[in-house]
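Structural description and commentary
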Amino acid sequence: MKMAQKYIFVRMPWETFQLYKGIQLKMIGDMKAYTGREIKLPMTRVFKVVASPMLNENYIQVDLKKLVQFAKKRR
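Residues numbered from 1 in each chain as written. Predicted model: local features only at pLDDT ≥ 70, side-chain atom pairs only at ≥ 80, totals over all residues. Heavy atoms only, no water.

Observations concerning the overall build of the protein
- Tallying secondary structure elements over the protein gives three helices and zero strands in all.
- From first element to last, N terminus to C terminus, the protein shows the α and β order α-α-α.
- Within the protein, buried positions represent 23% of all 75 residues.
- Summed over all atoms, the accessible surface of the protein reaches about 6600 Å², with 59% contributed by carbon and sulfur. (Helix = DSSP H or I, 4+ residues; strand = E, 2+ residues; numbered from the N terminus. Buried < 20%, exposed > 50% of the residue type's maximum accessible area, 1.4 Å probe, protein only. Areas by Shrake-Rupley, 256 points an atom, 1.4 Å probe, with all protein chains shown as cover.)

Quick look at the nonpolar core
- Among the nonpolar cores identified, the biggest contains 13 residues, and Met27, Met31, Leu41, Val49 and Leu67 are the most heavily contacted of them.
- Elements that contribute at least two residues to this core include exactly helix H1 (14–35), helix H2 (43–51) and helix H3 (64–72).
- Broken down by element, the residue count for this core peaks at four residues, all from H3.
- Setting aside residues up to four positions removed in sequence, valine 49 forms contacts with Met27, Leu55, Asn56, Val62, Leu67 and Phe70. (Core = buried A, V, L, I, M, F, W, Y, C linked by side-chain atoms within 4.5 Å. Contact = heavy atoms within 4.5 Å.)

Written out as structure tokens, the structure is:
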């Protein structure tokens, strides 16, 4: 049996949210160009991709193959 997930709400400046929203839209566009179809990417996964050294090769470039696999993972 899976335990209930805990959520933490984080307040952030509107400018910071818009920055991450832009990153999210770019990632969705890149995945669409790579796979040929649109894959949804929630904001929590965007934060995880940006912060994770396993998915983010050099803190500037994200490997599209890893990103698509991560976006398709079941929650």
